[in-house]
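A look at the structure
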There are 2 protein chains.
Amino acid sequence: MRLVPVLLATAIAAAFPSTPMAHAAGSPQAGSVPQAAPAPLVSVAETRITDASMAIAAQLRETALASSLAWDITESLTTEVGPRLAGSEADARAVEWAKAKFAELGFDRVWTEPVTFPKWVRRAERAEVLGASAQPLAVTALGGSPAGVLEAEVVRFADLAALEAAPADSLAGKIAFVDYRMERARDGSGYGPGSRVRSRGPSAAIRAGASGFLMRSAGTDSHRNPHTGITRFDEGLEPVPAAALSVPDADLLTRLLERGPVRVRLALDCGWDGEYTSQNVIGEVTGASRADEVVLIGGHLDSWDLGTGAVDDAAGIGITMSAAVHIASLPERPARSIRVVAFANEEQGLHGGNAYAAAHGADVARHQLVAESDFGAGHIYGFNTGAPAHAKAAEARIAEALAPLGIQPLDQGGPGPDVIAIANVGATWACLGQDGTDYFDLHHTPDDTLDKIDPAALAQNAAAYAVFAYLAADAEGDFGSAPVEGP
Amino acid sequence: MRLVPVLLATAIAAAFPSTPMAHAAGSPQAGSVPQAAPAPLVSVAETRITDASMAIAAQLRETALASSLAWDITESLTTEVGPRLAGSEADARAVEWAKAKFAELGFDRVWTEPVTFPKWVRRAERAEVLGASAQPLAVTALGGSPAGVLEAEVVRFADLAALEAAPADSLAGKIAFVDYRMERARDGSGYGPGSRVRSRGPSAAIRAGASGFLMRSAGTDSHRNPHTGITRFDEGLEPVPAAALSVPDADLLTRLLERGPVRVRLALDCGWDGEYTSQNVIGEVTGASRADEVVLIGGHLDSWDLGTGAVDDAAGIGITMSAAVHIASLPERPARSIRVVAFANEEQGLHGGNAYAAAHGADVARHQLVAESDFGAGHIYGFNTGAPAHAKAAEARIAEALAPLGIQPLDQGGPGPDVIAIANVGATWACLGQDGTDYFDLHHTPDDTLDKIDPAALAQNAAAYAVFAYLAADAEGDFGSAPVEGP
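Here's what I pulled together on the structure shown here. Note that the coordinates shown come from a computational prediction; the quantities given were computed from them, not determined experimentally.

Reading the values: rules and limits
By convention here, each chain's residues receive numbers from 1 onward along its written sequence. All chains are assigned letters beginning at A, and all ligands numbers beginning at 1, according to the order in which they are written. Since the coordinates come from a predicted model, pLDDT governs what is reported: local features require at least 70, and pairs of side-chain atoms require 80 or more to be given and counted, while whole-chain, interface and lining totals use all residues. In computing side-chain properties, one takes all heavy atoms of the structure into account and sets aside hydrogens as well as water. Secondary structure elements are taken from DSSP: a helix is a run of H or I of four residues or more, a strand is a run of E of two residues or more, and numbering for both begins at the N terminus. Throughout this description, buried means an accessible area under 20% of the type-specific maximum (1.4 Å probe, protein chains only), exposed means over 50%, and partly exposed covers the range between. Residue contacts are counted whenever heavy atoms from the two residues lie within 4.5 Å of one another. Calculation of accessible area relied on Shrake-Rupley with a 1.4 Å probe; when residues are assessed, cover is drawn exclusively from the protein chains displayed. All copies are superposed by least squares; the fitting set is the C-alpha atoms of residues with a pLDDT of at least 70 in both. Paired strands, in this sense, are two strands between which DSSP finds at least two bridges. The way it works is a 1 Å grid over only the protein atoms, where trapped points that fit a 1.4 Å probe form a cavity and open points with protein on both sides within 12 Å along at least five of seven lines form a pocket, and then any residue with an atom within 4 Å of a point lines it. Grid points are joined across faces, edges and corners, and a volume is the space filled by probe spheres set on the points. Only Asp, Glu, Lys and Arg are considered charged in this grouping, and only Ala, Val, Leu, Ile, Met, Phe, Trp, Tyr, Cys and Pro are considered nonpolar; every other residue, Gly among them, is considered polar. Side-chain rings of Phe, Tyr and Trp (the six-membered ring for Trp) are treated as a pair once their centres are within 6.5 Å; stacked means planes under 30 degrees apart, edge-to-face means over 60, and tilted covers the remaining angles. Here, over-ring charges are defined by two tests on the NZ atom of lysine or the CZ atom of arginine: distance to the ring centre within 6 Å, and angle to the ring normal within 35 degrees. Buried area: the accessible area, evaluated with a 1.4 Å probe, that two parts lose upon being put together, summed over both parts. Whenever a carboxyl oxygen of Asp or Glu lies within 4 Å of a side-chain nitrogen of Lys or Arg, that contact is scored as a salt bridge.

1. Comments concerning the overall build of chain A
Counting its secondary structure elements, chain A contains 14 helices and 14 strands. With respect to the three principal axes, the spread of C-alpha positions in chain A is 75 × 45 × 40 Å. Out of the 487 residues in chain A, the part that is buried amounts to 64%. In chain A, once contacts between residues fewer than 6 apart in sequence are set aside, the share between residues at least 24 apart is 85%. When the accessible surface of chain A is summed, it comes to about 15,900 Å², and 54% of that surface belongs to carbon and sulfur atoms.

In structure tokens:
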């Protein structure tokens, strides 16, 4: 009914240019999104958070901080299920795990909603330098890559723009290698240019005639662990094998290329293999008086297959499930329900988030606020929402309750990947900004394992989600969610 | 002629108890070795280092510190040859590389000496948890392991002693898993108990009836990179597949075992495959007046196959080759020759060092001092030798010349692995003790790559070796090397 959500959607689309799904996949922290709050066209009552709610939130904060529940859930998922590539046998086990965990934790309602997507399979991958300096290269196929075996000379490009400038057919029979080094940043902003190499590089390579594509991993570590992630091929192009080298291997290849021509053998056995139907698994803590309205929080249940998906995104599942449990354990429920969604297949195209929006878009106005935790388990340092003016005072009250956790109001942020679609149809997002300085050391690598999570930071995350979700659920008034006007 | 070397050899044997070769392999920093200096039975002239030599050494130190030559050599070996498992095709390329590099660097004499050893081959390795928590485990075969495929229940032991206490046949049809966590230490002393699990664990497992052996890697990192290394099987035992898990995978397996029985599939394709003859590659800078006497420095040319053998031990090659080049570039040569040995196959049993001692043991008295750099590329913090009393003043002069590099006299140390054998027959060792705090994060893993070396620390190492070797080569008098008396 208002223009705000349309502006918001436009801003989000700008943050993930041209191919929102491919770009958004892989857990980026959304970039700078303008506050979506021109004055409403009609007068709206100001949303309020009461002193009583604030007092309960303060108690909830301490309870959650002292609890190991987020850790226990994260430990359970990463240990008992392990890697859970969308569409794999472990995807089904993860769904069963989530249903059982919601039930065990005493959620009032637990249900699943189907999510259908093309299934991609990784079987084997190998690369090696040929010739006088013959040696293996640590490599992983990009999600979406076809299978293929090729031996070809490598042509290096310093960045994506250089590859995109290569003339048509100039790489005939060659492997294009983009050697762009992603930058480290607290807000993950280096991942924009880093992941663009992954999403656009293969198509650019094909347009220049290349038979294969290699990239320096979109990552900030220096370990022998390549970073996978979804890629895509533009319409009308014949896909070629596409893979990422670990950072030390990209260094090595660059040093060899400084000495002269280098031939590489790239052998990928992977590819699309039919369709699969997984499930969004949803647990709800029923509200006291407005049970059909929800604060939606969640993470994604799938992971890449190389690690055990600890920071991406068992942590998000543990943080949000535990936050809801802490709220459910209060003497009195907040007015609205807390809905925790364990989204299916985020990694390969936000399929779970899109399915959720398709199923619940008509009910968007009943979504008080929506937030996904999908940027690891680092300390939360900032809070923001896309709420309009009439809810800004309430947003400030939530920030006030979060301040003892070391959280400041942010002037940027946006919806997590799986709530982009529901935000696009009018749900107001909240953002609890995590410190992602080290996130891209681990992201999409074999090294994404439980030991990389700091239990204290995880508890701080759970406390922040509990406080935020409780106060939003108990607020008097809304945060501006409303169906988007058609064009 | 004196008893000193016998005492020394005894001390070294004590530092590598019961199976010196298997224990010493894999670049340990030798443990505490007593000063081998009872008063000589006959009066010996005190060894002197002149002020003129000290002045030249000071200049040499600054030249070496400012040089990138050690880095350039290390970069060349790790880049152009890469991994160089003893007996592999890359072993032969490494030998050719070393010959060419010595020649290119202007060494006066370059030659090779044959080193024959059994050849071990790694073809493929894989492990996975079976059943409800099915997932892959990051694993690597221990060097010397036979091939084999087994599916069996895992039995965990907290340490080697616990496994050794297991009754005979108590592990029939099981996989023994030793979960000992190695400790981090500047002098690498945690590697003693860590590597003992690797060398003795498989035999202990077999004695208890096990069909396979797994261990938490002997390492101090938390990355998804298992640490390989040589193992051995006691006489009369039928070898079983033996492998190391990465640290996060050992954590995972332990967490799963806390929940109940765990079955694992272990599939190793590897094993002994005939004999191979490699070469010790030796380059010499001829001394001015006593050219047939040598200061021996060196590193080992082979590496494990998982990484590119940067800290283990391209660094040792780069440090010692460059040190000799800096000495050769002086206006005047020191009295004695500088002999740099690139030892063959250290990793699988000190084969190169043993072959050197067999070939040169009769000339032991012509070895002024012997030192190997095989503990990475960390800052050198200490200096010591096994010299007798008449050379202690000269040792102190060398320490004085090293002091501006931040190097202090040490009261422990011993010969590097490949000079143990020549020290055992009477050569006096020198030890330039490196900071190995981070060494076992990388040691024998895929992560042992060039980027892990700090160029400034590498140059400090080269400067220290240049100063030490020059002063020892130019000393008036000896450091006590003499043939060991027979029993």
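2. Section: the relation of the copies chain A and chain B
Between the two copies, chain A and chain B, the superposition gives an RMSD of 0.0 Å; the rotation angle is 180° and the shift along the axis is 0.0 Å. Taken together, the rotation angle and the small translation identify this as a two-fold axis. Both copies present the same face, since 100% of the interface residues in chain A are matched by interface residues at the equivalent positions in chain B.

3. Description of the sheet that holds strand E14 (residues 430–434) of chain A
Residues and elements named next belong to chain A. On the basis of which strands lie adjacent, the open sheet formed by three strands has the order E13-E12-E14 and mixed pairing. With partners counted over all chains shown, the strands left at the sheet margins are strand E13 (408–409) and E14, one partner each. Looking at chain direction, strand E12 (residues 380–385) and E13 are connected through two bridges and run parallel. In the sheet register, Gly-382 faces E13, and the bridge partner there is Gln-408.

4. With respect to the layout of surface pockets
Rolled over the atoms, a probe with the dimensions of a water molecule shows which regions are left empty. All names here are of chain B. The volume enclosed by the second largest pocket comes to roughly 360 Å³. Taken together, 22 residues line the second largest pocket, and the ones lying closest to its centre are Val-311, Asp-438, Tyr-439, Leu-442 and Lys-452. No other element matches helix H13 (residues 439–442), which puts three residues into the lining of the second largest pocket. Tallied by class, the residues present in the lining of the second largest pocket amount to seven nonpolar, eight polar and seven charged.

5. Some words on the pairing of strand E8 (residues 263–285) of chain B
Within a regular strand, the side chains alternate between the two sheet faces. All names here are of chain B. Pairing between strand E1 (residues 109–129) and E8: 19 bridges, direction antiparallel. Note on E8: the bridge partner recorded for Val-115 is Ser-278. Inspection of the sheet shows strand E4 (residues 148–157) paired to E8 by six bridges, in the antiparallel sense. Looking across to E8, one finds that Ala-152 is bridged to Val-264. Where E8 meets strand E10 (residues 336–343), five bridges bridge the pair, whose relative direction is antiparallel. If you follow Val-285 over to E10, its bridge partner there is Ile-338.

6. With respect to the sheet that holds strand E12 (residues 380–385) of chain B
With respect to topology, three strands assemble into an open sheet ordered E13-E12-E14 (chain B), the strand pairing being mixed. With one partner strand each, in any of the chains shown, strand E13 (408–409) and strand E14 (430–434) of chain B form the two edges of the open sheet.

7. Overview of the packing of aromatic side chains
How two aromatic rings sit relative to each other is set out by the distance from centre to centre and by the angle between their planes. A full pass over the atoms with the stated rule returns 20 aromatic pairs over all chains. Ring plane angle 55° and centroid distance 4.7 Å describe the contact between Phe-375 of chain B and Tyr-439 of chain B, whose orientation is recorded as tilted. Of this pair, Phe-375 of chain B sits in the loop between strand E11 (367–372) and E12 while Tyr-439 of chain B is found in helix H13, placing the two residues 64 residues apart along the sequence. One residue, Arg-186 of chain A, lies across the ring of Tyr-381 of chain A, its end atom 3.4 Å from the ring centre. One Lys or Arg, Arg-109 of chain B, reaches over the ring of Trp-111 of chain B and ends 4.0 Å from the middle of that ring.

8. A few points about the interface of chain A and chain B
Each side of the interface is counted separately: chain A has 33 residues, and chain B has 33 residues. Carbon and sulfur atoms supply 42% of the area that chain A and chain B bury against each other, a total of about 2,400 Å² over both sides. On the chain A side of the contact with chain B, Thr-79, Arg-224 and Arg-259 of chain A bury the most area, a combined 23% of that side's loss. Joining chain A to chain B, the criterion identifies six salt bridges.

9. Observations regarding the environment of Val-247 of chain A
Residue and element names in this part refer to chain A. Mapping Val-247 onto the fold places it in helix H8 (residues 247–259). With 179 residues separating them along the chain, Val-247 and Gly-426 place their C-alpha atoms 40 Å apart. Ignoring any residue separated from it by four or fewer positions in sequence, one finds Val-247 in contact with Arg-216, Gly-219, Asp-221, Ser-222 and His-223.

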